[in-house]
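Structural description and commentary
As a plain string of letters, each chain reads:
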Amino acid sequence: MYIPKQYKKTIKRVFYDKKVEILEKKIIQDEEGGVISKGLEPISFFYGNVNFANNKEIQEQYGLEFFVNVSIATETKTEIKIDDIIRFQGRIFKVVEILPCDSYLLILGQKWHK
């Protein structure tokens, strides 16, 4: 389906207003070869429409057999992949599914546990 560029720009301006960070686990190796975790650091970000409310509906609509804590609609050109770790307003999630739609990507996440 053809989506005009002006439509995409309007959607981006109106709806994609929440900043979501993509994080990376920072790990270093000490002098003896031991692995030391330095936590998570942001490597990039994107803007999207973040939703915590209708996740049960999304699970049913797409026939998902896992629990979803957050859904984020964003631009189709957003570079993100399954298993990425993301942060929104201090909450950290692991990306468990990315569903391409006509004019956006739907990113689904679960609470991340260290």
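Residues numbered from 1 in each chain as written. Predicted model: local features only at pLDDT ≥ 70, side-chain atom pairs only at ≥ 80, totals over all residues. Heavy atoms only, no water.

Both strand S1 (residues 18–29) and strand S2 (residues 35–51) contribute to a ladder of eleven bridges, which runs antiparallel. Bridge pairing in S2 places Lys18 opposite Gly48. Remark: five residues form the turn of the hairpin made by S1 and S2, two consecutive strands paired antiparallel; Gly33 in that turn has positive phi of roughly 95 degrees. In the sheet, S2 pairs with strand S3 (residues 70–74) via four bridges, with the strands oriented antiparallel. Within S3, the residue paired with Gly48 across the bridge is Thr74. (Pairing = 2+ DSSP bridges. Helix = DSSP H or I, 4+ residues; strand = E, 2+ residues; numbered from the N terminus.)

A few words now on the pairing of strand S4 (residues 85–88). As defined by bridge partners, S1 adjoins S4 across three bridges and the pair is classed as antiparallel. In the sheet register, Ile22 faces S4, and the bridge partner there is Ile86. Direction of pairing for S4 relative to strand S5 (residues 91–100): antiparallel, over a ladder of four bridges. By the bridge assignment for S5, Arg87 is matched with Ile92.

Tallied over the entire structure, the rule returns six salt bridges. One salt bridge in this structure joins Glu21 and Arg87, with 2.8 Å as the shortest N-O distance. Of this pair, Glu21 sits in strand S1 while Arg87 sits in strand S4, and the two are 66 residues apart along the sequence. Using a relative accessible area of 22% as the deciding quantity, one classes Glu21 as partly exposed. Linking Lys77 and Glu75 is a salt bridge whose minimum nitrogen-to-oxygen distance equals 3.9 Å. Using a relative accessible area of 21% as the deciding quantity, one classes Glu75 as partly exposed. (Salt bridge = Lys/Arg side-chain N within 4 Å of Asp/Glu carboxyl O. Buried < 20%, exposed > 50% of the residue type's maximum accessible area, 1.4 Å probe, protein only.)

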